[in-house]
Amino acid sequence: MATYDYSCSLDVDYGSEDVARVVYNALSVDKELQPDKVIRKMSVSPEGKLSVHFEAVEARFLRASYSAFVDVLTLATKTVEEFGPEKPSTAFLIVSSVN
């Protein structure tokens, strides 16, 4: 059994649960390419915050997964900002830690 010694968290405050849920739904269909090496957990709060937590067996897997996720997160956020029913005031609060 793998030990997930490296972790990182990301919180994005969209200011609206509906907007955060749209982004969550868009991103949740993409599963980790190496689920035996990286675990990603996502949730949405009623206040409109998307929270993502990563755990990995090696730092390089954590970096690659986090980087790829931020790319698609940015695309999804820009899409919602451009075409969504309400204009989110997107504020990024990034909390990271590597153990």
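For the structure itself, look to the data block above.
Residues numbered from 1 in each chain as written. Predicted model: local features only at pLDDT ≥ 70, side-chain atom pairs only at ≥ 80, totals over all residues. Heavy atoms only, no water.

### Some remarks on the overall build of the protein
Just so we agree on the cut-off: Here a helix means four or more residues in a row that DSSP labels H or I, a strand means two or more in a row labelled E, and each is numbered from the N terminus. Here the term buried applies to any residue with accessible area under 20% of the maximum for its type, exposed to any over 50%, and partly exposed to those in between, with areas from a 1.4 Å probe on protein chains only. The contact criterion used is simple: two residues touch if any of their non-hydrogen atoms lie within 4.5 Å.
If you tally the helices and strands in the protein, you get two helices and four strands. The linear arrangement of helices and strands in the protein, starting from the amino end, is β-α-β-β-α-β. Expressed as a percentage of the 99 residues in the protein, the buried residues total 33%. Relative to all contacts within the protein whose residues are 6 or more apart in sequence, the contacts with residues 24 or more apart total 70%.

### Section: the environment of S45
Tracing the sequence through the fold places S45 in the loop between β2 (38–44) and β3 (49–56). Looking at S45, the relative accessible area reads 18%, which means it is buried. The sequence separation of S45 and E17 amounts to 28 residues, and the corresponding C-alpha distance is 6.8 Å.

### Brief notes about the layout of surface pockets
Definition in use: For each structure, a 1 Å grid was placed over the protein atoms alone; sets of points admitting a 1.4 Å probe that cannot get out are labelled cavities, open sets with protein on both sides within 12 Å along at least five of seven lines are labelled pockets, and lining residues have an atom within 4 Å of a point. Grid points are joined across faces, edges and corners, and a volume is the space filled by probe spheres set on the points. In this count, Pro and Cys sit with the nonpolar residues alongside Ala, Val, Leu, Ile, Met, Phe, Trp and Tyr, while Asp, Glu, Lys and Arg are called charged and the others, Gly among them, polar.
Here the largest pocket defines a volume of roughly 280 Å³. Along the walls of the largest pocket sit 13 residues, with E32, L33, A64, S65 and A68 positioned nearest its centre. Of all the secondary-structure elements, those providing two or more residues to the lining of the largest pocket are β2 and α2 (59–83). The element that contributes the greatest number of residues to the lining of the largest pocket is α2, accounting for six residues. Residue composition of the lining of the largest pocket, grouped by class: seven nonpolar, two polar and four charged.

### Some details on the pattern of salt bridges
Keep this limit in mind: By salt bridge we mean one thing: a side-chain nitrogen of Lys or Arg within 4 Å of a carboxyl oxygen of Asp or Glu.
All told, the structure shown has four salt bridges when counted by the stated rule. Two residues, E17 and R21, come together in a salt bridge whose shortest N-O distance is 3.7 Å. Here the residue E17 and the residue R21 both occupy positions in helix α1 (residues 17–28), the gap between them amounting to four residues, near one helical turn. Taking the relative accessible area as the measure of exposure, E17 reaches 32% and is therefore partly exposed. The shortest N-O distance in the salt bridge between E32 and R40 comes to 3.1 Å.

### Digging into α1
Applied cut-off: Expected span, for any helix, means 1.5 Å times one less than how many residues it has. In this description, one arc is meant: the one made by directions from the helix axis to the C-beta atoms.
The terminal C-alpha atoms of α1, which comprises 12 residues, lie 16 Å apart, in line with the 16 Å expected from a rise of 1.5 Å per residue. Inspection of α1 places V19, A20, V23, L27 and S28 among the buried residues, and these make up the whole buried set. Projected down its long axis, α1 carries its buried residues within an arc of 160°, all on one side. Looking at the packing, one finds that the buried side of α1 touches β2, β3 and α2.

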